[in-house]
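Descriptive structure summary
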Amino acid sequence: MDALSASPHRPRNLGDRLWGAGLVALGGAVAVVAGVIVLALGRLTTPLVGRVHLLEFIKGQDWDPVASSFGALPFIYGTLVTSLLAIAVALPISVGLAIFMVEIAPGRLRPVVSFLIETLAAIPSVVYGLWGLFVLVPWLRESVEPALAGAFGFLPLFQGPQIGLGFLAAGLILAVMILPTIASVTIEVLKTVPVTLREAALVLGATRWEAIRLAVLPHARAGMLGATLLGLGRALGETMAVTMVIGNTPEIRTSLFATGYTLPAVIANEFAEATSGEHVAALAGLALVLFGLSILLNAVARLLVQAVKAATGSVG
Amino acid sequence: MKLLARRRAVNAAMTVVTGLAVVVALVPLALLLWLVVSKGAAGLSWTFFTHLPTPVGEPGGGVGNALLGTLYLVGLACLVGLPLGVGAGVFLAERGDGRFGSAIRFTAEVLSGVPSIVVGIVAYGLVVVPMRRFSALAGGVALGLLMVPTLARTTEELVRLVPGSLREASLALGVPQWKTSLRIVLRTALGGIVTAVLLAIARAAGETAPLLFTALNNQYWNFAPDQPTASLTVQIYNYAISPYADWHQKAWTAALVLLLLVGALNLTARFLTRSGLPREQR
């Protein structure tokens, strides 16, 4: 009788009350972790507060720790260029793959391909870097970059010395690394499109592709944007593989063949050897910028994906 | 009819294009795995697993200390990450439907996108600065913090797979909530929780960036939590960016060892999800 009246949220005996409180405390641990991250980053950055203006820090183009000159712009530029390049390459492939997997592939093929995509996601970043450094970079230097320069050499994007290392190499390796993220979220989103929409299009005489283009994709658009932002968030913070192939020079160049630097790469290279308090604080400041960007992107992306799922839940 | 033929042709073309996207996506995977296996296998030997690294040019030597260091760091990470991550996951599955639960779930999702190098700096601030030295403990804290958000979400998903009828049957017999949770729901979900833990361990073992300035590196064996420690991933990185062919070979072999370790953890996790769930869920 008592068991019937007890609702899951109103524990009645001592054991239940303790168990409930313990669980809430454990859940709260996640919030504590979030707080600890913000506090620790903030505390490491404090030596810089008051000495360097935030806007100057972000807009500054000169990075010279010995002269205590800290400008973050070359790193922000490099991070954005490589990440956007990665999205430009990975997005069409991921969407094509997701459409094939959800709409076209025979049932038996699906678990195989999703296993392979999971494998791609499970490979450690440093192994991608190793492969990028010894396989991708020489290939770019000897075949791809001369070909691109020959065909599109009139564009400033494809000019300058072809050394393999640089924005192009970093962008391509990032594309491979974020592809599983974008593809798996897009697959998830496409699966939530109600089957009735497809049927309605097909029954009106649409071909399979027309049903996908006219009924499925418009419905999934917000979710696919979410998937892209998640991929972008991953690309921004990727460290090892980029550090190994981008060349690590804090310069802003237009050419994709040129070497550059990214936020995570400079932290990886300089943090362990940073001796002055200011240098450590400046690197922690870069980490704070990175943290802010990734939190923003991930929050927007998750909200978009959630909204798509919630909307479909009420329809179908 | 000409229009219909064109529409059919577009349909066929797009089918091919999307199919090609699958192929293009999987080509790098095939190339990478083949290369790591073929290049790495050349350097495999017993001494590679048991010996310390040698200086350039000296034959032999291995990554024994780095392999052990990775296991050591992951062990320390588990001490920090497992109670928090699994606990938060159980909370989300059992009491996570309210407003507080949604907020925690959202926080975990957003945190799981925070770059690992940022978490490394956090561990630097928390452990390295007060201790005034790089240490295995700092590396363990970095990897442990990194585990929490993802582990919480995977644990939640797998605990939620336990059928509601089991819980209801237990409650109907008059068993209190906490006993039902512990002895019925969590016991049934144990296979799933182990899966989530194995996946988290595999991810942590492959991390490099947060270790660069926490655990640093070490040329020798180390078992002290307050001393710098080698790890397989940092060792691969150092070998790869060195200018020596001899060390490049070692980087490939160490990468093969790392892939085997991560792959074995992932496969075990997959096998457990398949066999560890209650029958209705298979």
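Residues numbered from 1 in each chain as written. Chains lettered and ligands numbered in written order. Predicted model: local features only at pLDDT ≥ 70, side-chain atom pairs only at ≥ 80, totals over all residues. Heavy atoms only, no water.

1. Some points on the overall build of chain A
Scanning chain A for helices and strands turns up 12 helices and 2 strands. Beginning at the N terminus, the succession of helices and strands in chain A can be written as α-α-α-β-β-α-α-α-α-α-α-α-α-α. Counting only C-alpha atoms and orienting by the principal axes, one finds that chain A spans roughly 75 × 60 × 30 Å. Counting across all 316 residues of chain A, residues that qualify as buried make up 53%. (Helix = DSSP H or I, 4+ residues; strand = E, 2+ residues; numbered from the N terminus. Buried < 20%, exposed > 50% of the residue type's maximum accessible area, 1.4 Å probe, protein only.)

2. Structural notes on the overall build of chain B
Regarding its fold elements, chain B presents 11 helices and 0 strands. The N-to-C order of helical and strand elements in chain B reads α-α-α-α-α-α-α-α-α-α-α. Against the compact-globule benchmark of 19 Å for 282 residues, chain B has a radius of gyration of 23 Å, which places it well outside the compact range. When its C-alpha atoms are laid out on the principal axes, chain B stretches across 70 × 70 × 35 Å. (Rg over C-alpha atoms; globule rule 2.2 N^0.38 Å.)

3. Considerations on the domain arrangement of chain A
All names here are of chain A. Examined at the domain level, chain A breaks down into domain 1 (2-48) and domain 2 (54-315). A C-alpha centroid distance of 34 Å is found between domain 1 and domain 2. With 7 residues of domain 1 at the interface, the matching set in domain 2 holds 11 residues. Counting each side, the surface lost to burial between domain 1 and domain 2 is near 720 Å², with a carbon and sulfur contribution of 88%. Broken down residue by residue, the surface that domain 1 buries against domain 2 is led by Leu41, Leu44 and Leu48, which jointly contribute 61%. (Domains from an automatic or database assignment. Contact = heavy atoms within 4.5 Å. Buried area = accessible area lost by both parts, 1.4 Å probe.)

4. A short note on the packing of helix 2 (residues 14-45) of chain A against helix 8 (residues 177-188) of chain B
Helix 8 of chain B packs onto helix 2 of chain A with a crossing angle of 65 degrees between their chain directions and a minimal axis gap of 7 Å. Between helix 2 of chain A and helix 8 of chain B, the contacting residues are Gly15, Asp16 and Trp19 of chain A on the first element and Gln177, Trp178, Ser181, Leu182 and Leu186 of chain B on the second. Split by residue class, the contact of helix 2 of chain A with helix 8 of chain B holds 4 nonpolar, 3 polar and 1 charged. (Axes fitted to C-alpha atoms, helices over the stretch in contact; angles between N-to-C directions. Nonpolar A, V, L, I, M, F, W, Y, C, P; charged D, E, K, R; others polar.)

5. Quick word on the interface of chain B and chain A
Between chain B and chain A, the residue contacts involve 78 residues of the former and 82 residues of the latter. Contact between chain B and chain A buries roughly 6,900 Å² in total, counting both sides, with carbon and sulfur atoms accounting for 80%. On the chain B side of the contact with chain A, Leu32, Arg95 and Ile121 of chain B bury the most area, a combined 9% of that side's loss. Scanning the region where chain B abuts chain A turns up 2 salt bridges. With its nearest N and O atoms 2.7 Å apart, the salt bridge here joins Arg7 of chain B to Glu210 of chain A. Applying the counting rule to chain B against chain A returns 8 residue pairs in polar contact (both at pLDDT 80 or more). (Salt bridge = Lys/Arg side-chain N within 4 Å of Asp/Glu carboxyl O. Polar contact = N/O pair within 3.5 Å; in protein donor to acceptor, adjacent residues only side chain to side chain.)

6. Focus: helix 9 (residues 190-205) of chain B
All names here are of chain B. Taking 1.5 Å of rise per residue, the 16 residues of helix 9 would be expected to cover 22 Å, and the 22 Å separating its terminal C-alpha atoms lies within 8% of that figure. Most of helix 9 sits inside the fold, with 12 of its 16 residues counted as buried. Among the residues of helix 9, those classed as buried are Gly191, Gly192, Ile193, Thr195, Ala196, Val197, Leu198, Ala200, Ile201, Ala202, Ala204 and Ala205. (Expected span 1.5 Å × (residues − 1).)

7. Remarks on the environment of Leu146 of chain B
Residues and elements named next belong to chain B. With respect to the helices and strands, the residue Leu146 is situated in helix 6 (residues 136-159). The class of Leu146 is buried, set by a relative accessible area of 11%. Sequence separation between Leu146 and Glu207 is 61 residues; the distance between their C-alpha atoms is 9.6 Å. Not counting the four nearest positions on each side in its chain, Leu146 is found in contact with Ser116, Val119, Arg203, Glu207 and Pro210.

8. Examining the confidence of the model for chain A
Looking at chain A, pLDDT values average 91 and 95% of them are 70 or higher. Here residues 1-6 of chain A scores under 50 on pLDDT; set against residues more than four positions off or in separate chains, the count is 3 contacts. (pLDDT = per-residue confidence, 0-100.)

9. Focus on the packing of aromatic side chains
All names here are of chain A. For the structure on display, the rule yields 13 aromatic pairs over all chains. Pairing Phe152 with Phe158 gives two aromatic rings, centres 5.9 Å apart and planes at 40 degrees, and the pair type is tilted. Looking at Phe158, the relative accessible area reads 14%, which means it is buried. Taken together, the ring pairs in this structure connect Trp63, Phe70, Phe75 and Tyr261 into an aromatic cluster. (Phe/Tyr/Trp six-rings, centres within 6.5 Å; stacked < 30°, edge-to-face > 60°.)

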